[in-house]
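Here is what each chain is made of, one letter per residue.
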Amino acid sequence: ERVGTHACLESANLLLAERGSEPWFELLLQTRVIIIIPMTNAVGYARSEREEIQPRSGDDDEVRIDPNRDFPFDQQPTLCMQTAAARAINEIMRAYTVSLMITFHGGTNVIGYEWGDLGHCS
């Protein structure tokens, strides 16, 4: 998933470099909110670990939570949004009507759809 960070930064550079080059592109930039999040799990990135480390309440132990599985999908509500990464994405989704998302998730090529599973398709 390290390539995603670089892809996001290069995309931001491209958007800035091409600004004003074409009328349609300028219109696109002026009429959209573009949110680029190069990295939601910075600690995991730095440690080369997928999980986000959370302290366990009441003792000195810690619990590791995968931010990719920390969303309210096939999950008990009390077990959701425990990681900073999931909460950050959740707040963006609550604040904006998102019409397109691109994810650079390592190891796969996907065009995603709502809910991302076959069980919700009918």
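Look above for the structure.
As a convention, each chain's residues are numbered from 1 in the sequence order in which they are written. Local features in this predicted model are restricted to residues whose pLDDT is 70 or higher, and side-chain atom pairs enter the listing and the counts only when it is 80 or higher, whereas totals over whole chains, interfaces and linings include all residues. Derived side-chain values reflect all non-hydrogen atoms in the structure, with water molecules and hydrogen atoms excluded from consideration.

Colleague: Give a description of a nonpolar patch on the surface that names residues and reports values.
Modeller: In this scheme, patches are assembled from residues that exceed 30% relative accessible area and form no salt bridge. Like charges are connected within 9 Å, while nonpolar side chains (Val, Leu, Ile, Met, Phe, Trp, Tyr) are connected within 5 Å. Note on areas: Shrake-Rupley, 1.4 Å probe, and residue coverage restricted to the protein chains presented here. Whenever a carboxyl oxygen of Asp or Glu lies within 4 Å of a side-chain nitrogen of Lys or Arg, that contact is scored as a salt bridge. Together, Val33, Ile35, Ile37, Met93, Tyr96, Val98 and Met101 make up an exposed nonpolar region whose accessible area comes to about 600 Å². Accessibility here uses a 1.4 Å probe with only protein chains present; expressed as a share of the type maximum, an area under 20% marks a residue as buried, one over 50% as exposed, and anything in between as partly exposed. Looking at Tyr96, the relative accessible area reads 39%, which means it is partly exposed.

Colleague: Could you give me a rundown of helix H2 (residues 23-30), with the residues and numbers involved?
Modeller: Numbering goes from the N terminus for both helices and strands, where a helix is a DSSP run of H or I of at least four residues and a strand is a run of E of at least two. Of all the residues in H2, the buried ones are Phe25, Glu26 and Leu29. Buried residues of H2, seen end-on, are gathered within an arc of 100° and therefore sit on one face of the element. Set apart from the buried face of H2 by more than 90 degrees, the exposed residues are Pro23, Trp24 and Leu27. Residue contacts are defined here by distance: any two heavy atoms, one from each residue, within 4.5 Å place the two residues in contact. Next to the buried residues of H2 lie helix H1 (2-18). By construction, the arc corresponds to the directions joining the helix axis to the C-beta atoms.

Colleague: Outline unusual backbone geometry, listing residues and values.
Modeller: A positive phi is found at Ser48, a non-glycine position, where the angle reads about 55°. In this structure Ser48 comes out as exposed when scored by relative accessible area, which is 58%. Although it is not a glycine, Met81 sits at a positive phi angle of roughly 60°. Here Met81 is to be found in the loop between strand S2 (62-65) and helix H4 (84-95).

Colleague: Lay out the side chain of Glu52 in plain terms, naming residues and giving numbers.
Modeller: By the secondary structure assignment, Glu52 is in strand S1 (residues 52-55). Within the buried core, Glu52 has no salt-bridge partner, and the shortest N-O distance to an opposite charge, that of Arg87, equals 5.4 Å. Within polar-contact distance, the side chain of Glu52 engages the side chain of Gln54 at 2.7 Å. Apart from the residues within four sequence positions on either side, Glu52 is in contact with Asn41, Val63, Arg64, Ile65, Pro67, Thr83, Ala84 and Ala85. In this tally, Asp and Glu contribute negative charge and Lys and Arg positive charge; neither His nor the terminal groups of the chain are included. Each polar contact in these results corresponds to two N or O atoms within 3.5 Å; when the atoms are within protein, one needs to be able to donate a hydrogen and the other to accept it, and residues that are neighboring in sequence are counted only if both atoms are side-chain atoms.

That is the geometry; function is a separate question.
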